Amino acid sequence: MPKFLLSLILICLTATMWSQESQQEKLEQRKAQIQQEIRDNERLLQTVKKKEKSAVNVIIIQGNKIKLKEKLINTTEKQSKLLGNDMYINQVKINKLNRELVLLKEDYAKMILKSYKSRSEQSRAMFILSSNSFLQAYKRAQYMKQYTNYRKMQGDEIKSKSDELIVYNGKLNVQKTAKQKLIAENEKERLSLLKAKLEQEKLVNSIKKDKNKIAREIKKRQQESKTIDKQINRLIREAIAEANRKAALEKAMEKARNEAKIGDTKEEIKTRAKAIVSSASAVSSSRIELTPEAKMLSDNFKSNRGRLPWPVERGVVTSAYGDHPHPVISSLMVHNSGIDITTDQGANARAVFGGEVISVMVLSPVNKAVMIQHGDYFTVYQNLSSVNVSKGDKVSTKQNIGKIRTNGDTGKTVIKFTISQNTTYNNPASWLSNM
């Protein structure tokens, strides 16, 4: 029974180790991704530092870098913990093998000693010849043969377990080295994080004297953002109403054709269909009545939640969705109907999913935007200096739709990206991959 329980425990430990190896691979991939994001963030930070007239944007990017560093440290700590668990499991196996080897070697030594004492070929022959019958002689010969095979099997088992022990000891040494490396990496990242936080604190202190000026600038930008949001909301409502009018007209045309008499012309049928639509209740501008085709597109878009590609090839989020304190003036709340992504100068905006361009907007002389419909979902890409698509165009996932504008004053290249279902805004962070 104790042997059975020990075997069961070892099977459970082995299964746990396989599971931990899979987790370790996922953590390694996540760590590599975070490290790449940190490198991208650092590159953007250096670019902005060279061109930035105000320290505010530097603080925002620096804050993002600090969060990434904290994520990296947390991921490395998880790796270290998993590695420690693996090392414990391997040590348990090594201890078990050592105990088994001791017992095997002791048993083997007794057998060799006994064999040595009865090593004479004459005594073996006499043992067989002294049998009372042929059957007994045959059984004694078989016993001696089995005894020899058993001794050989024990020798092979000792060699096998010795080899297995060497393998596990090797694994344990590799794991010890890997854990020491992870601890060293974590310590290095902690020092880097401390340095980044001190730099952040210094930047914040340096602009405190300009607090009132910054607050006025933030309020001005928030007002501009609200005006743009209203304009986009109006366009979304117009698109919804237009889609519903088309759907209503198609239904009315179908009804008019069914009720048509012999000799009725197409124009007469169309006139009756328009009359049906006119007599109906007002067309909704807040919710699209989806056609089967539009519903399929909407469902496909929804099923890709959390897996949509970013609207830029690479970048960092420098303003989150919703209401949150300003990164410099914490007492001042800012609102964002989407997310702001800072990227490289000259970067292109790209569609996150297939759909139809329903509007190309000129929000200001230097700010263009593209709105794409995906069933009853809408994605909007703001702050473009030029646009490559036109209203009515069908676009595919990751298709280039325009160039993102670089602000001449700040040196920042930022795209504002929003997602809404009908007129209800969603947090893009929950839709885009790896956010």
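This text follows the structure it describes.
Thresholds, definitions, all that
Residues numbered from 1 in each chain as written. Predicted model: local features only at pLDDT ≥ 70, side-chain atom pairs only at ≥ 80, totals over all residues. Heavy atoms only, no water. Phe/Tyr/Trp six-rings, centres within 6.5 Å; stacked < 30°, edge-to-face > 60°. Helix = DSSP H or I, 4+ residues; strand = E, 2+ residues; numbered from the N terminus. Buried < 20%, exposed > 50% of the residue type's maximum accessible area, 1.4 Å probe, protein only. Core = buried A, V, L, I, M, F, W, Y, C linked by side-chain atoms within 4.5 Å. Contact = heavy atoms within 4.5 Å. Salt bridge = Lys/Arg side-chain N within 4 Å of Asp/Glu carboxyl O. Pairing = 2+ DSSP bridges. Lys, Arg positive; Asp, Glu negative; His and termini not counted. Polar contact = N/O pair within 3.5 Å; in protein donor to acceptor, adjacent residues only side chain to side chain.

Applying the stated criterion across every chain, the model contains five aromatic pairs. Centre to centre, the rings of tyrosine 377 and tryptophan 431 are 5.3 Å apart; their planes meet at 65 degrees, and the pair counts as edge-to-face. With tyrosine 377 in strand β8 (residues 377-387) and tryptophan 431 in the segment after β12 (424-426), the pair connects residues that are 54 residues apart, well separated along the chain. Here tyrosine 377 and tryptophan 431 have matching classes, each one buried.

Counting residues in each nonpolar core, the largest one holds 27 residues, and the members touching the most others are Leu308, Ile372, Tyr381, Ile401 and Ile415. Excluding its chain neighbours within four sequence positions, the residues that come into contact with isoleucine 401 are Ala349, Arg350, Ala351, Val370, Ile372, Tyr381, Val387, Asn388 and Val389. Leu235, Ile358, Val380 and Tyr425 belong to the second largest nonpolar core, which has 15 residues in total.

Next up on the list: unusual backbone geometry. In this model, asparagine 383 sits at a positive phi of 70 degrees, which is unusual for a non-glycine residue. Here asparagine 383 shows up in strand β8. One non-glycine residue, lysine 398, lies in the positive phi region at around 70 degrees. Tracing the backbone shows lysine 398 in the loop between β9 (394-395) and β10 (400-404).

This part covers the pattern of salt bridges. The final tally for this structure, using the stated rule, is six salt bridges. We note a salt bridge from arginine 287 to glutamate 289, for which the minimum N-O separation is 3.4 Å. The partly exposed category is assigned to glutamate 289, whose relative accessible area is 43%. For glutamate 356, the salt bridge identified is with lysine 394, shortest N-O distance 3.4 Å. You can see glutamate 356 sitting in strand β6 (residues 355-364) and its partner lysine 394 sitting in strand β9, a full 38 residues away along the chain. Of the residues examined, glutamate 356 reaches a relative accessible area of 30% and is grouped as partly exposed.

Within a regular strand, side chains alternate between the sheet's two faces. The buried fraction of strand β4 (residues 339-343) is high, at five of five residues. Because side chains alternate across β4, one face comprises the buried residues Ile339, Ile341 and Thr343, and the other comprises Asp340 and Thr342, equally buried. Sheet topology places β4 next to strand β11 (residues 413-421); five bridges connect them, and they run antiparallel. Along β11, the bridge assignment pairs isoleucine 339 with phenylalanine 417.

The next subject is the pairing of β10. Sheet topology note: the strand β5 (residues 348-350)/β10 ladder contains three bridges and is antiparallel. Paired with alanine 349 across the two strands is glycine 402, which belongs to β10. Examined bridge by bridge, β8 and β10 share three bridges and lie antiparallel to one another. Paired with valine 387 across the two strands is glycine 402, which belongs to β10.

Here the focus is the side chain of arginine 350. Note on placement: arginine 350 falls in strand β5. Glutamate 313 provides the closest opposite charge to the buried, unpaired arginine 350, separated from it by 5.6 Å. Engagement of the side chain of arginine 350 in a polar contact is seen with the backbone oxygen of tryptophan 310, the distance being 2.8 Å. With sequence-adjacent residues up to four places away left out, arginine 350 is seen in contact with Pro309, Trp310, Pro311, Val312, Glu313, Tyr381, Lys398, Gln399, Asn400 and Ile401.

Moving on to the environment of arginine 234. Position of arginine 234 relative to the elements: it lies in helix α5 (residues 211-259). Under the relative-accessibility criterion, arginine 234 is labelled partly exposed at 43%. For arginine 234 and threonine 423, which are 189 residues apart along the polypeptide, the C-alpha to C-alpha distance reads 9.4 Å.

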